[in-house]
Amino acid sequence: MTVKTDVNFRITGPCLSLLLRDCECSLSDQMGFLVGEKSSVTIQTISDAEMEEEKIETTISINGTFPVGLPFVFCSSLGRVDETTLKEVLGSVEKEVVGWYSFRRNCNHSISLRETILHRELRRVLGHSAAQFFVFCIITTSATDRNATHSLRFTFFSQNHRRLQPVSVVETNLGEPEDNVYRKSTAVDDSFKCLQQVFQSVNGVNNSKMAMTMLHTEMNKHLNTLQSSVSKLQHQVHSHLKKSSSCSYSCAVVDQKSRGDEVMASTSSKITAADLSQEY
């Protein structure tokens, strides 16, 4: 039986946007970790010649980031990792780490020797036995002379045959990579439907001032309805909190009464025994 393994990498659109924004807003170079989950699906097929083939499809989904800040917080300038410091920095997020990233300003978009060593050290310390499941992202930025245009470039890498090679990462809210268009969802909420109705009603108005006035009025009506529904939900939440607090208080009072009765019973029994001993 032959076994094949395929590895796919995915990242959500908000996660990618937040990652690029944090890197661009940072004052200096930055390092951090990619947080997500790993899922595997095994597919078994039998050919006409009764040859069994097993295919394992593993998907690494990147759902969040964990920025550390300045470089060399948990490692030396040579790329050696301090295990104790790394575990203190990550905390409970350690089990969810699927990779890491490095951001540099105004430099070549290539992996340095220190980053190669650091990638192997992180994979060893974090317990990722399979090298192809641990991903690394390098991010660089550059700007024009007058800072009119800022460009960000990012590439994901995965270790294959002891070398870091580029891998394709699919953005989950996009269609196929060759289409480069957003997927259309059939689920549309009530707020979006209301906005569609407002824009359709304003679309036939020629006067721009009147159209803006109508749009403002309709938007205020919709906000008022949302505000009333939110206030009702808040009132329900407060009432439930009051009920739960009153129940806990009554339970505490009953517990105190029972404890007081026990203390009084034990005291009376002691006094009775003492009196009997004095009489005898």
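Before any of the text, the structure's been laid out above.
Everything quoted here is computed from the prediction, not taken from an experiment.

(A) Quick peek at the pattern of salt bridges. Counted according to the given criterion, the structure contains eight salt bridges. The salt bridge involving Arg-80 is made with Glu-121; its shortest N-O contact spans 3.3 Å. Residue Arg-80 is located in the loop between strand S3 (52-69) and helix H2 (83-90), and its partner Glu-121 is located in helix H3 (residues 113-125); the two are separated by 41 residues in the primary sequence. On the basis of relative accessibility, which here comes to 12%, the residue Glu-121 falls in the buried class. The closest approach of N and O atoms between Glu-115 and Arg-104, which form a salt bridge, is 2.4 Å. Taken together, the positions of Glu-115 in helix H3 and Arg-104 in strand S4 (residues 97-105) put the pair 11 residues apart, joining distant regions of the chain. The same class applies to Glu-115 as to Arg-104, namely buried. A single network of salt bridges, built from pairs that share partners, joins Arg-80, Glu-83, Glu-121 and Arg-124.

(B) The environment of Glu-94, seen in detail. For Glu-94, the location among the structural elements is in the loop between H2 and S4. Counting along the chain gives 33 residues from Glu-94 to Gly-127, while the straight-line C-alpha distance between them is 9.9 Å. Setting aside chain neighbours within four positions, we find Glu-94 in contact with Lys-87 and Leu-126.

(C) Geometry of the nonpolar core. Counting 19 residues, the largest nonpolar core has Leu-34, Ile-62, Tyr-101, Ile-139 and Phe-156 as its most contacted members. Those elements that place two or more of their residues in this core are strand S1 (2-11), helix H1 (13-25), S3, S4 and strand S5 (135-143). It is H1 that contributes the most residues to this core, five residues altogether. For Ile-62, the residues in contact, after removing those within four places along its chain, are Arg-10, Ile-11, Thr-12, Cys-15, Leu-34, Val-35, Gly-36, Val-98, Val-135 and Phe-156. In this structure, Phe-33, Leu-86, Leu-90 and Leu-126 belong to the second largest nonpolar core, which totals 18 residues.

(D) Layout of the pairing of strand S2 (residues 30-46). Direction of pairing for S2 relative to S4: antiparallel, over a ladder of six bridges. Residue pairing for S4: Gly-32 is matched across the bridge by Tyr-101. Bridge count between S2 and S3: 16 bridges; the pairing is antiparallel. Its bridge partner being in S3, Ile-43 is matched across the sheet by Lys-55.

Analysis parameters
Residues numbered from 1 in each chain as written. Predicted model: local features only at pLDDT ≥ 70, side-chain atom pairs only at ≥ 80, totals over all residues. Heavy atoms only, no water. Salt bridge = Lys/Arg side-chain N within 4 Å of Asp/Glu carboxyl O. Helix = DSSP H or I, 4+ residues; strand = E, 2+ residues; numbered from the N terminus. Buried < 20%, exposed > 50% of the residue type's maximum accessible area, 1.4 Å probe, protein only. Contact = heavy atoms within 4.5 Å. Core = buried A, V, L, I, M, F, W, Y, C linked by side-chain atoms within 4.5 Å. Pairing = 2+ DSSP bridges.

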